[in-house]
Amino acid sequence: MKPTRLLLTAASSLLVSQVMAGEAVFYLIEDGAALKDVTVTLNGQKRLSGSDGFASFDNLPAGSHSVVVSQMGEQLGEFQFDTASAAENAEIVVEMIGGEAIEEVVLYTPGQADAQLAGKISGVLLSDETAGPIVGARISVEGTEVGVMTDADGAFTLDLPRGQYNLTVSHPNYGKRDVRNLHVIGNNTTALNLGMSMAGNGSIEEVVAVGSYMPTTGAAQERDSSAVLEAIGTEQMARFGDSSAASALKRVAGVSVVGGQFAVVRGLQGRYISSTLNGGLMPSTDPMRRDVPLDLFPAAVLGGINIQKTYTPDMPGDATGGIIQMTTKGLPDEPVNKLSVDMGMNNRTTFSDINSYEGGSSDWLGVDDGTREMPSAIASNFVGSKGLTYCSSGSGDPLCTYPAEMVGMATSLDHNYNVQQTSAKPARGFSYGFGDRIESSGDGEYGYYGAVQYKDATEARHDATVNDDDRSGSYERSKRKIDTTAYLVGGYETAETTLLSKTTILRKTDNTTKTSSVYDSSADQQINKVLMQWTERQFLGQQFSGEHLFADDTQQLNWHVGVAQTKRDEPDRRAYSYINGVFIPSTLERRFSELTEDALDAGVDYRIETMLTDDIGLTVKTGLMASQKDRTVDMTRVGVATTGAGLDTTQNIEAIVNDANFQNGQLILANRTTNTDSYEASDNVTAAYASGEVDFGDVQVLAGARMEDSEQTLDYPYSSANSNKLKSSDVLPVVSANWQYNEELQLRAAVSKTLSRPGLTELSESVQYDPETDEEVYGNPDLVISKIDNLDLRAEYYFSEEENISFAVFNKMIADPIERTVMDASGSAASGTTFRNEKSADLTGLELDFRINTLDTDTWTGFVSGNYSYIDAVVNLSDDSARLEGKDSRQLQGQSRNLANFQIGFDHLPSAQSITLLVNSFSDRIHLTSRADDPIIEDARITLDLAYEYEIDEQMSVKAKAGNITDSRVSYSQGGSTIESYHEGMDISAGFSYEF
């Protein structure tokens, strides 16, 4: 459909008012397709053609002008043209024919009749999700009433006067996108393809001419990166049904997830991995680890995840295995008003009887209503390991605890210890997203986006058994999981500036009940244990950031400043045991613990791009970073003791531990807190970096270094133990090179140095308790920082914009690696674990990653993708560890030798339905080391998931997923014998979304 002559005239008049006199516009094409990255030199000034094939020069003076066209160091052609006045513009179409540049020069003066000569913009609009055409989208010219609709093939054509235009693309289902600075040349067609996504990822990153590469997918980010990068977009998370960052990461080559929370990248656990959210370092909610639990970050607020596996100077120095870069969603391009509801069930758990106990009225919100709160009388008397000195009334000793005081403390606690059976309810949840973009009176736009989410689900272990040496039996464990999320981003954007404010609140609450019945044949004891545990984890973050472009986008300044706080609140954790039917008072413990970690993170990065010669480009990056983390851990442990005979301890526990027995003096409270249970710690890092990347056309070489200072301190407010402090100052260099052999094949190589610092609690002199197993963990104040040499090689071959295969080889040599190992102690301490610097570790791995389109018709599309990793990670043990473990070397903890993922998907385009089968596999990996015995192994496992999506219309869609379809057994073994196993069941979920 062509615009009327009246509209053409209006568009031309608008354009004349915007164009500066004396402009030269070059359009470079070959076989009708635009040419990218061709150097055009006009009168000594250089420009690179963009993805649309255009390069332009302003302020063209009158006179003779010389032009040289070159690419990758090879001159393609040279010519001259003349302009009669400074008001004259030049349009030059340069077509490559047989390797030679053939020019066509047209001169015109804006405002004259011939200046309205028309050209065309013609292209196709495609869906990022389906790769099919988007029908019925409106392509309109900003500032005019000119517009067309895409046809059944997604095609469109606009007839416009020569000049430069901004386009707006809008569709009810795909939103609105702006395409800026698009040139039209008289009597020529500017051809382009556009991709749009329903995932709300913000904007079209680049206008792409027909025949050139479209960087709107994860593969494009990986291809264009100067490092080895794996990218996970919102489209992939949505299609695969991944609910959190943790579930998405396990599908990446060389990455596994341990415990559903923590990533292992290229054989290295959390101490060797760095995680950022919107560019800022994050505090942790786990008292035993320095890495962040990734299940805390739901897919509903994530805009994407990048896993950079090779080190570059702008990364933290401890990113040896890699850095996990999470970003939250940005500003929308259209009004957003979307409601989603979800339901789910587990074939073993839902509607079955599971363990539970009496809680509070607000448990369904994941917030304790005070039922589990530590009474003030307990808090004021149980300070450190100060014992309770019981005295008779009237002694007058200020250090005494009198019977009435003790009874008051004891009766302030509720004595709820019995486990109940309850029917597990189906999983349920909802999410709501809202936002809009608002034009301002200037060149920019304001925008906002918000989201809230709630989920309530129950999981349980079924047919759980243990069989460890002389102990055998079974247990039942159920966990109710309540997740709540709130997110808000607001900001202002222009073509050169982006200012954002992002507020994030993430909460995850686990309510765990566990009962076990184990027979110890060596002691002839039947041991029954009960655990009731409520844990609230929270991340609260506020970040401000800015991106600023200067000098025709050749310089960029990015900055961010953020504050964050994580909390892990575990109020009134209750555990106790019966042996041979008799309650053992010393096993009863009520634990009140709270971890709070406050973080301040700020950084600034500056990038400048320039041309050293006609064919050699240079990119310089430099930046500063400062991170401060302050952690406070408060813990109080309350127990009971009997005062003598007469108490029947074979009764139900609530008949034994109750107000009456404290009041009659048969029971007293006992302080089981140690002076080092509570501590204060800080972890401060400051850094500066600089790097330069020289682009020779088909070869890019990067060199740089990062200077990083760190200080870790640990203090005990209730102990005379010395403060622990570890300081370091390091320079971490890197050199890397990329060779683009041709359009399809790319080779990468990198060498670098990185480090790994111990965690805060690993440096402590205190005894900590593993929050999951309750195992005693002893710190080691003599730990030193590990130093690592890294080598990375990778080859990438791109069959098409969406199809590729890559193969990587890497090696990491670690000096003084830190491993969790057995204690060099006797008695009860011998059953705990500690941390020790081992001699060295040598890690070598291979990675294969691919995606191939298997079907492409008018009705169906299909793909196959997957990855495989082989990682050999051997640690050479220190003399102490070798003596205690009974071996000189073993595999690093937590790493599987073999990791594999496989996906196969099909899309039915007419009905907008898709289905994807996902397979994940890992081989055996060390769970824990053992004294003079084989380590405890988490056995290999394969899981199958199936994801389905149906877009009913432009407003409604349905999603469904079946997870863990085969219900594969989870098992742990030692010396070839299974010591623990259980089933988790198959999860089935369905969701419905409606866009208002």
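Going by the structure above, here's the rest.
In short, a report on the structure.

Here is what the cut-offs are and how they apply
Residues numbered from 1 in each chain as written. Predicted model: local features only at pLDDT ≥ 70, side-chain atom pairs only at ≥ 80, totals over all residues. Heavy atoms only, no water. Helix = DSSP H or I, 4+ residues; strand = E, 2+ residues; numbered from the N terminus. Buried < 20%, exposed > 50% of the residue type's maximum accessible area, 1.4 Å probe, protein only. Contact = heavy atoms within 4.5 Å. Areas by Shrake-Rupley, 256 points an atom, 1.4 Å probe, with all protein chains shown as cover. Lys, Arg positive; Asp, Glu negative; His and termini not counted. Charge placed at Lys NZ, Arg CZ, Asp CG, Glu CD. Phe/Tyr/Trp six-rings, centres within 6.5 Å; stacked < 30°, edge-to-face > 60°. Lys NZ or Arg CZ within 6 Å of the ring centre and 35° of its normal. Patch = residues over 30% accessible without salt bridge, like charges linked within 9 Å, V, L, I, M, F, W, Y side chains within 5 Å. Salt bridge = Lys/Arg side-chain N within 4 Å of Asp/Glu carboxyl O. Pairing = 2+ DSSP bridges. Axes fitted to C-alpha atoms, helices over the stretch in contact; angles between N-to-C directions. Core = buried A, V, L, I, M, F, W, Y, C linked by side-chain atoms within 4.5 Å. Domains from an automatic or database assignment.

**Notes on the overall build of the chain**
Moving on, step 1. Helix and strand content of the chain: nine helices and 61 strands.
Moving on, step 2. If one aligns the C-alpha atoms of the chain with their principal axes, the spans along those axes are about 115 × 55 × 55 Å.
Moving on, step 3. Within the span of the chain, comprising 996 residues, buried residues form 52% of the whole.
Moving on, step 4. For the chain, long-range pairs separated by at least 24 residues make up 67% of all intrachain contacts whose partners lie at least 6 apart in sequence.
Moving on, step 5. For the chain, the computed accessible surface area is about 40400 Å², with 52% contributed by carbon and sulfur atoms.
Moving on, step 6. Taking the 76 positively charged and 143 negatively charged side chains of the chain as two groups, their mean positions are separated by 6 Å.

**Some points on the packing of aromatic side chains**
Moving on, step 1. In the structure shown here, the tally under the stated rule is 14 aromatic pairs.
Moving on, step 2. Aromatic pair Tyr449 and Tyr487: ring centres 6.5 Å apart, planes at 55°, arrangement tilted. Of this pair, Tyr449 sits in strand 31 (residues 445-468) while Tyr487 is found in strand 32 (residues 471-493), placing the two residues 38 residues apart along the sequence. Tyr487 matches Tyr449 in its accessibility class, with the two residues each being buried.
Moving on, step 3. One Lys or Arg, Arg162, reaches over the ring of Tyr108 and ends 3.8 Å from the middle of that ring.
Moving on, step 4. Lying over the aromatic face of Tyr982, Arg461 brings its terminal NZ or CZ to 4.1 Å of the ring centre.

**Description of unusual backbone geometry**
Moving on, step 1. Of note in this structure, Phe351 is not a glycine but carries a positive phi near 70°.
Moving on, step 2. Looking at where Phe351 falls in the secondary structure, it is placed in the loop between strand 25 (336-346) and strand 26 (353-356).
Moving on, step 3. In the Ramachandran plot, Asp967 falls in the positive-phi region, its phi being about 50° despite a non-glycine side chain.
Moving on, step 4. Mapped onto the fold, Asp967 is located in the loop between strand 58 (956-963) and strand 59 (970-974).

**Quick look at the environment of Asp510**
Moving on, step 1. Following the sequence through the fold, Asp510 ends up in strand 33 (residues 497-520).
Moving on, step 2. Along the backbone, Asp510 and Ile482 are 28 residues apart, and their C-alpha atoms lie at a distance of 6.6 Å.
Moving on, step 3. Excluding residues within four positions of it along the chain, Asp510 makes contact with Lys479, Arg480, Lys481, Gln533, Trp534, Thr535 and Arg537.

**What to know about a negative patch on the surface**
Moving on, step 1. A cluster of acidic side chains, namely Asp58, Asp443, Glu496, Asp552 and Asp553, defines a negative patch on the protein surface.
Moving on, step 2. Along the chain, Asp553 turns up in the loop between strand 34 (525-550) and strand 35 (555-579).
Moving on, step 3. The class of Asp553 is partly exposed, set by a relative accessible area of 44%.

**Re the pairing of strand 4 (residues 45-48)**
Moving on, step 1. Relative to strand 4, strand 3 (residues 39-42) is paired through four bridges, and the arrangement is antiparallel. Within the sheet, the bridge partner assigned to Leu42 lies in strand 4 and is Gln45.
Moving on, step 2. Joining the antiparallel neighbours strand 3 and strand 4 is a turn of two residues, in which Asn43 adopts a positive phi near 50°.

**Some details on the sheet that holds strand 3**
Moving on, step 1. Read across the open sheet, the four strands follow the order 4-3-6-7; overall the sheet is antiparallel. Unpaired on one side and paired on the other, strand 4 and strand 7 (74-83) mark the two borders of the sheet. Adjacent strand axes in the sheet meet at a mean angle of 20°, parallel and antiparallel pairs treated alike.

**Quick notes on the nonpolar core**
Moving on, step 1. Formed by 27 residues in total, the largest nonpolar core has its most connected members in Ile232, Leu249, Leu294, Phe297, Ile305, Ile324 and Met326.
Moving on, step 2. Elements supplying a minimum of two residues to this core: helix 4 (245-249), strand 19 (255-258), strand 20 (262-265), strand 21 (273-277), strand 23 (302-308) and strand 24 (322-328).
Moving on, step 3. Among the domains, domain 3 (215-338) and domain 4 (420-642 + 674-995) are the pair contributing at least three residues each to this core.
Moving on, step 4. Those residues within four positions of Ile305 in sequence are excluded, and the remaining contacts are Glu230, Ala231, Ile232, Met237, Ala245, Ala248, Leu249, Ile324, Gln325 and Met326.
Moving on, step 5. Residues Ile378, Phe382, Met409 and Leu647 belong to the second largest nonpolar core, which totals 26 residues.

**Digging into the sheet that holds strand 49 (residues 833-837)**
Moving on, step 1. Pairing in this open sheet of four strands is mixed, and the strands run 44-45-49-48 from one edge to the other. Unpaired on one side and paired on the other, strand 44 (767-769) and strand 48 (818-822) mark the two borders of the sheet. Within the sheet, the average angular offset between the axes of one strand and its neighbour, ignoring direction, is 35°.

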